[in-house]
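One letter stands for each residue in the lines below.
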Amino acid sequence: MTTDSSRSSRNRLLLSGVVQGVGFRPFVYRLAHDHALKGWVSNSSKGVVVEVEGEEGDLEAFARDIRAKAPPLASIDKVEIEELPPAGYQGFSIEESSAEEAKSTLISPDIATCKDCLKEIFDPKDRRYRYPFTNCTGCGPRFTIIEDIPYDRAKTTMKKFDMCPDCRAEYDDPLNRRFHAQPNACPACGPKLTLAESGGAEAGGKLTGETDPIEAAAALLKKGKIIALKGLGGFQLACDGASEAAVSELRRRKRRPDKPFAVMMRDLTQIKEHALVSGKEEEILLGTGRPILLLTKRPGSGLARSIACGLDRFGVMLPYTPLHHLLLNEFSSPLVMTSGNLSEEPIAYRNEEAFQRLGKIADYFLLSDRDIHSRYDDSVVEVASKSEVIVRRARGYAPAPIPLSYDSAPILAVGGELKNTFCLAKGGHAFLSQHFGDMEDMETFAHFEETLNLYTKLFAIEPASVAHDLHPGYMTTKFAASLEGVRLLGVQHHHAHIASVMAENGLQDKVIGLAFDGSGLGSDGAIWGGEFFLTGLEGFERLGHLKEVGLPGGDGAIRAPYRMAISHLMAHFGRDLSSLKLDLLARVDEAELENISLQIEKGINTPPTSSMGRLFDAASAIIGIRDRISYEGQAAIELEAAANHGEEGSYPFQVKAEEVEGRAHPVWVVDAGPLLEAILLDLENGVERGVIAARFHGAVVDLSTLITGRIAEATGVNTVALSGGVFQNRLLSNKLISRLNSLGLEVFTNRLVPSNDGGLSLGQAAIANFILKS
């Protein structure tokens, strides 16, 4: 029946946001039928375009419902409506996707397997029974398989698999939940799973008696073997989480002596057997992102101790792909599930690459022929102050944009050197990349460049300006300098940390910024890291910091906390430390002690540093917790874990106000010498280590509160921003926020991006935009 165009109106709607690959077009199709409207819906490079024709009241109701009733995985940023003359449509249809020059479509992250798909893979009567690549428009791979937009199968790594008639019928049916599910497949037409030996030869039944690759892999895991399995964003290494022998062997082969492993558990019930879980933590575990969540160990857990040696917390996640669900169903114990790489390398994501790089780690490989286009690690999050806080932003979260409270110019911010991410900003969005890691590794740097090329293509951002760290030796700084035809904008490291908090919280006015981390090049050439700023996006004033001490051996001191302990002790007690009753001095070789002393005394390869992270390192070594580290932040992490949370004591410190000519405010300088004296006295008196660690934390809270309060009083600014890797310490952060709130100060922190250097690029982009528009 033809619509009476004389009584009808027609609207064209352009919807932008995460509206592709999330079941949006079939939703629009059903909604149009519910409101008796005619027309069509299509994906485009700008978003989703809808033309609807009908009565005015029905058009108004449709426009309201398209926001109110949108699919749960959709995120609508904007709805633009244009009134057009009636066209006399005869029905409602879903049209082919169209490409346009101005691409701005937002792409959904990969999504955990939904309940409907899980029901199918465990139903013996279903045609997808035990099929490890089952998905629908509500779940499954997204960004990891996309090569270009619009998001259609031909532009994904699924293009080589032709759908069978049954899958095609689902794909073409607007009322089916697999309508235009681009990775749609089944055992008859989709990717296949195989179990192979490290040399690449197919294994399976000849090893275990099982012909099903998943059953065979589970049988091998029960024998203590290490399996490399191909996940959504790359390979993961799995072993029995209850076997100390298997976990220890994985540590040896992976060259990861201490850094905690993540554990995947079958369901929430199993997690609660091994960890303490709050309501908010349960919500995160069951969410569509399925990150690794840092949880407190439950006493008496039967997991291998070496999963997280010496720590009270460990990372836990639930299965997020059909393959994981099927494997955990066969293997009833928790599985260690860690990135498929050697320490600090990027995760392996191609089959041949996995054989080459993981051949000496994994005993067997659980492979598929579905290619991964973008490699992604698992995201890591925690709960602080009853809110989700991102520690590592990757699978399930990236590339979802960070909404901005301002309209950004097209900008690339290349981030820092460690825990690297980049940020592409344009309009009201900041697209933060997934976590890359240490940029000194050439494979990681190549991964960075590949992903940057992908992001600029998918999000159609051609940046005319590039923000970078001030450190000339960073690979990212050198990369920025190599780019042609762009304006380079250097941004101080700690200013970027505070700006990241401002950007994600929509703060425009000046704030008191506390930037505590391990290291970052200061404006004066020293290594900063214990900073109190009065700052806005336009610039900062350094109003406080830790007293500088030497960093003996430069970066070598970062890997050897005992060096920082000696430096801090010498800064307070002088060169001769022989009178101190301290076990640390006996643990350091006499010749090395003399060498360190000479380095500090003569300033040889000993740059000055105000780093709070290095003060934590020094305290950890002095107390006897950690002299040397095998992963970044280990000494501070173990210091926090050792702290007795019931201890409310603190240690003294000295604060001196230094007047600076031409400056309205003094600079508050913290001398940690009295704090060290008090630690040594407690050690001499036999005070237990956990109490000393807690009192050290109390001192940092006290000094931070004191200086922040003085700055607030002097400037009239009552908004505080906390950022930098040190603030991942929950004991410190929670106590400090509470104390600052008691002074009437409003405190903001990073939650959408990491407070460590993983959030640095967002702050760089925000500062760069201010510079460009000022």
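Residues numbered from 1 in each chain as written. Predicted model: local features only at pLDDT ≥ 70, side-chain atom pairs only at ≥ 80, totals over all residues. Heavy atoms only, no water.

Novice: Hey, could you run me through the overall build of the chain in this one?
Specialist: A tally of helices and strands in the chain yields 24 helices and 29 strands. Dimensions of the chain, computed from C-alpha atoms along their principal axes, come out at roughly 95 × 70 × 50 Å. Across the 774 residues of the chain, 60% fall into the buried class. A separation threshold of at least 6 residues defines the contact pool for the chain, and within that pool the share at least 24 residues apart is 71%. Carbon and sulfur atoms provide 48% of the accessible area of the chain, an area that totals close to 29,300 Å². Each charge class in the chain can be summarised by its mean position, and for the 83 positive and 103 negative side chains these summaries are 4 Å apart. (Helix = DSSP H or I, 4+ residues; strand = E, 2+ residues; numbered from the N terminus. Buried < 20%, exposed > 50% of the residue type's maximum accessible area, 1.4 Å probe, protein only. Contact = heavy atoms within 4.5 Å. Areas by Shrake-Rupley, 256 points an atom, 1.4 Å probe, with all protein chains shown as cover. Lys, Arg positive; Asp, Glu negative; His and termini not counted. Charge placed at Lys NZ, Arg CZ, Asp CG, Glu CD.)

Novice: I would appreciate a short explanation of the nonpolar core in the present structure.
Specialist: Here is a general trend for soluble globular proteins: nonpolar side chains tend to be buried in one another's company. One finds Phe24, Val28, Val50, Phe62, Phe448 and Tyr455 to be the most contacted residues of the largest nonpolar core, which totals 95 residues. Once residues within four sequence positions are removed from consideration, Val28 is found in contact with Val41, Val50, Phe62, Ile66 and Phe92. Core analysis: the next-biggest nonpolar cluster, separate from the first, contains 69 residues, Val549, Ala672, Leu680 and Phe696 among them. (Core = buried A, V, L, I, M, F, W, Y, C linked by side-chain atoms within 4.5 Å.)

Novice: So what exactly am I meant to see when it comes to the side chain of Asn729 here?
Specialist: On the secondary structure map, Asn729 appears in the loop between strand S28 (719–723) and helix H23 (730–742). Within the local environment of Asn729, its side chain forms a polar contact with the backbone nitrogen of Leu731, the two atoms lying 3.1 Å apart. Once residues within four sequence positions are removed from consideration, Asn729 is found in contact with Phe616, Glu640 and His697. (Polar contact = N/O pair within 3.5 Å; in protein donor to acceptor, adjacent residues only side chain to side chain.)

Novice: Please clarify how the confidence of the model for the chain should be interpreted in this entry.
Specialist: One rule of thumb: low pLDDT means the predicted coordinates there are not for detailed reading. Counting all residues, the mean pLDDT for the chain is 93, and 97% of those residues have values of 70 or more. Confidence drops under a pLDDT of 50 for residues 1–6, and excluding neighbours within four residues, the segment shows 9 contacts in the predicted structure. When the criterion is pLDDT under 50, residues 205–209 qualifies, and its contacts beyond four places in sequence or with other chains add up to 10 contacts. (pLDDT = per-residue confidence, 0-100.)

Novice: So what exactly am I meant to see when it comes to the sheet that holds strand S17 (residues 402–413) here?
Specialist: Sheet strands pair via backbone hydrogen bonds, and the direction of the pair is either parallel or antiparallel. Ordered in space as S18-S17-S19-S20, the 4 strands form an open sheet in which the pairing is mixed. Two strands in the sheet have a free side with no partner beyond their single neighbour: strand S18 (423–432) and strand S20 (487–491). Strand-to-strand twist of the sheet, defined as the mean angle between neighbouring strand axes without regard to direction, takes the value 60°. Both strand S19 (residues 465–469) and S20 contribute to a ladder of 5 bridges, which runs parallel. Paired with Val466 across the strands is Leu488, a residue of S20. Strands in contact with helix H12 (residues 442–458) are S17 and S18; relative to S18, the strand with the most contacts, it is inclined by about 160°. Those strands touched by helix H24 (residues 760–773) are S17, S18, S19 and S20, and its axis lies near 85° from that of S17. (Pairing = 2+ DSSP bridges. Axes fitted to C-alpha atoms, helices over the stretch in contact; angles between N-to-C directions.)

Novice: I'm lost on the packing of aromatic side chains in this one. Help?
Specialist: The relative placement of two aromatic rings is captured by the distance of their centres and the angle of their planes. Per the counting criterion, the structure on display carries 21 aromatic pairs. A centroid spacing of 5.5 Å and a plane angle of 65° characterise the contact between Phe24 and Phe27, whose relative ring orientation is edge-to-face. In this pair, Phe24 and Phe27 are both assigned in helix H1 (residues 24–34), 3 residues apart and thus about one turn of the helix distant. One exposure class covers both Phe24 and Phe27, and it is buried. Their ring planes at 85° and their centres at 5.1 Å tell us that Phe422 and Tyr455 sit as a pair that is edge-to-face. (Phe/Tyr/Trp six-rings, centres within 6.5 Å; stacked < 30°, edge-to-face > 60°.)

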